[in-house]
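Examining the three-dimensional arrangement
Okay, here's what each chain looks like letter by letter:
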Amino acid sequence: MNLDFSQIVPSIPYILQGIAVTLKIVVFAALLGFVFGVILALMKIGGMKVLTWFADAYTSVFRGTPLVLQLVLIYFGIPQLTGFEIDAFPAAVIAFGLNSAAYVSEIIRAGILAVDKGQREAALALGVPYKLMMRDIILPQALKNILPALMNELITLTKESAVVTVIGAMDVMRRAYIVGGQVYRYIEPLLIAGCIYYVLVMLLTLLGKALEGRLRKSD
Amino acid sequence: MIKVEDLHKSFGKLEVLKGITTTIKQGEVVAVIGPSGSGKSTFLRCLNLLEEPTRGRIWIGDQEITDKKTNIMKVRQHVGMVFQHFHLFPHMTVLENVTYAPIKVKGMTKAEAEAKGIELLKKVGLEQKANEYPSRLSGGQKQRVAIARALAMSPDVMLFDEPTSALDPEMVKEVLEVMKSLAHTGMTMAIVTHEMGFAREVADRVLFLDGGQLVEDAPPHEFFASPKSKRAQEFLEKML
Ligand SMILES: Nc1ncnc2c1ncn2[C@@H]1O[C@H](COP(=O)(O)OP(=O)(O)OP(=O)(O)O)[C@@H](O)[C@H]1O
Ligand SMILES: [Mg+2]
């Protein structure tokens, strides 16, 4: 066994800079995925046949095909269809966001259905309109119950974001790979990348716990 | 005033209400009793359109709520409802529960709504719990908050669906006391209940439902002393 980190040390800052790229992709994709996921979830439970059908079909397609394929399809497909080049960063945000929305919508749908149906009736009996009822009464309770599942999705997203390497975004993974190519040692930079992802995931886990604690103040 | 004319309600093939006609006058307190499955809850839930009647007409005040043009949301603001299982909003404090709809639905200012909320919580004896979450309250306290929450919308009519059935026996009284004092303020009330003593004491009239039909409609002293129908006699024998 010969592990030698000494050659890699000068390149560590270079790899670390990838964190910003990874985080930017994850944050924007998570936001897109959450907002669109909520909308899809509302379509699924709203009782309008066309919308339910669309949301179900959407979920089925995005869960039923590889993420890498979706990413590459968007990155190369958009220029081919529209004639406009798309950068790796927006392509990654769109692909991960759309993909994540499919998973998030299922989590939220289940969360909404798990809220006691008496809550809906109490709101209706007070004359609370549907939109307000969802926003102020049903969704906050649903979110509290599904927070662990959503955190899980965010963690998955963080790790899966490494596939942006294939379209050339300069994230942690790609930088580790480049450094490896330069010094002909792959294990060391990849181990460092691994540590970075692990630390990010641990931080997210802690954040999730803290959020959960705050939401639990009502029980 | 509530006027109900030939009210029918079916769930699929099951006809639960088979033509109910009655009038509840302004300020009247009506107890709705009957065996399990007779349609009491369904009847009550039709009065604020939580269930949509299959046939028949209902007026609250001089507004026909079964008219297609009626704004259901507006109607519900004038009809308070209290449920067996309270259904307080668990993520809001007691005061927030009571002020939410007045602020968001009626457009009251926060200060106005809170002043009114505190006043109502005082009436149900819970102003010291204003900033607690519902999970910290006993069943009886929860139900009193639920009553305050409904009253905060200044309804013309209050509907109660077995408000004490989910409570431990020692908490039933505190809720009944609140309802009794509400009855004395001249509120129009329809109460589904198994508390025969309460019905006898507080109600102006008893409606006895059986099999989706209004079998008897009489003042409590008459109904309890000499029920006319065989079904009511049998029911009372079991209850008392
Ligand atoms: N949403 C629904 N869908 C189908 N059937 C229903 C529904 N709601 C009520 N029912 C049926 O209608 C009948 C009357 O129900 P309802 O709840 O009105 O009775 P109830 O008199 O309130 O009984 P209880 O004293 O047990 O509360 C029952 O047979 C019930 O199963
Ligand atoms: Mg019932």
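Because the structure is predicted, anything quoted here is derived from the model rather than measured.

**A look at the packing of helix H3 (residues 49-64) of chain A against helix H5 (residues 88-114) of chain A**
All names here are of chain A. Two numbers describe how H3 lies on H5: the axes approach to 9 Å, and their chain directions differ by 120°. On the basis of the axis angle, H3 is oblique to H5. Crossing handedness for the pair H3 and H5: left-handed. Here H3 contributes Tyr-58, Thr-59, Phe-62 and Arg-63 to the contact with H5, which in turn contributes Leu-98, Asn-99, Ala-101, Ala-102, Tyr-103, Ser-105 and Glu-106.

**Quick word on the pairing of strand E10 (residues 213-218) of chain B**
In summary, the side chains of a regular strand alternate between the two faces of the sheet. All names here are of chain B. Across five bridges, the pairing between strand E9 (residues 205-210) and E10 is antiparallel. Paired with Phe-208 across the bridge in E10 is Glu-216. Between E9 and E10, which pair antiparallel and follow one another directly, the connecting turn spans two residues, one of which, Gly-211, has a positive phi of 55°.

**What about the packing of aromatic side chains?**
Applying the stated criterion to the full structure yields ten aromatic pairs over all chains. Seen in terms of ring centroids, A:Tyr177 and A:Tyr186 are 5.9 Å apart; in terms of plane orientation they differ by 50°. Their pairing is tilted. On the basis of relative accessibility, which here comes to 36%, the residue A:Tyr186 falls in the partly exposed class. On the basis of an interplanar angle of 80° and a centroid distance of 6.4 Å, the ring pair of B:Phe89 and B:Tyr100 is categorised as edge-to-face. Of the two residues, B:Phe89 sits in the loop between strand E6 (79-82) and helix H3 (94-104) while B:Tyr100 sits in helix H3, which places them eleven residues apart along the sequence. Residue B:Phe89 shares its accessibility class with B:Tyr100, and that shared class is buried. Connected via pairs of aromatic rings, a cluster forms that spans A:Phe36, A:Phe54, A:Tyr58 and A:Phe62. Geometry around B:Phe89 places B:Arg149 over its ring, the cationic atom sitting 4.6 Å from the centre.

**So, empty space enclosed by the protein**
Here the structure, examined in full by the defined rule, presents one cavity of 30 Å³ or more. Space inside the largest cavity adds up to approximately 50 Å³. A:Ala122, A:Ala125, A:Leu126, B:Gly80, B:Met81, B:Phe83, B:Ala146, B:Arg149 and B:Ala150 together form the lining of the largest cavity. Secondary structure elements with two or more residues in the lining of the largest cavity: helix H6 (117-125) of chain A together with E6 and helix H5 (139-151) of chain B. The biggest single contributor to the lining of the largest cavity is H5(B), with three residues. The residue makeup of the lining of the largest cavity, split by class, is seven nonpolar, one polar and one charged.

So, how was this worked out
Residues numbered from 1 in each chain as written. Chains lettered and ligands numbered in written order. Predicted model: local features only at pLDDT ≥ 70, side-chain atom pairs only at ≥ 80, totals over all residues. Heavy atoms only, no water. Axes fitted to C-alpha atoms, helices over the stretch in contact; angles between N-to-C directions. Helix = DSSP H or I, 4+ residues; strand = E, 2+ residues; numbered from the N terminus. Parallel < 35°, antiparallel > 145°, perpendicular 65-115°, else oblique. Left-handed = near helix turned anticlockwise from the far one by under 90°. Contact = heavy atoms within 4.5 Å. Pairing = 2+ DSSP bridges. Phe/Tyr/Trp six-rings, centres within 6.5 Å; stacked < 30°, edge-to-face > 60°. Buried < 20%, exposed > 50% of the residue type's maximum accessible area, 1.4 Å probe, protein only. Lys NZ or Arg CZ within 6 Å of the ring centre and 35° of its normal. 1 Å grid on protein atoms, 1.4 Å probe; cavity = no way out; pocket = protein on both sides within 12 Å on 5 of 7 lines; lining within 4 Å. Points joined across faces, edges and corners; volume = space filled by probe spheres on them. Nonpolar A, V, L, I, M, F, W, Y, C, P; charged D, E, K, R; others polar.

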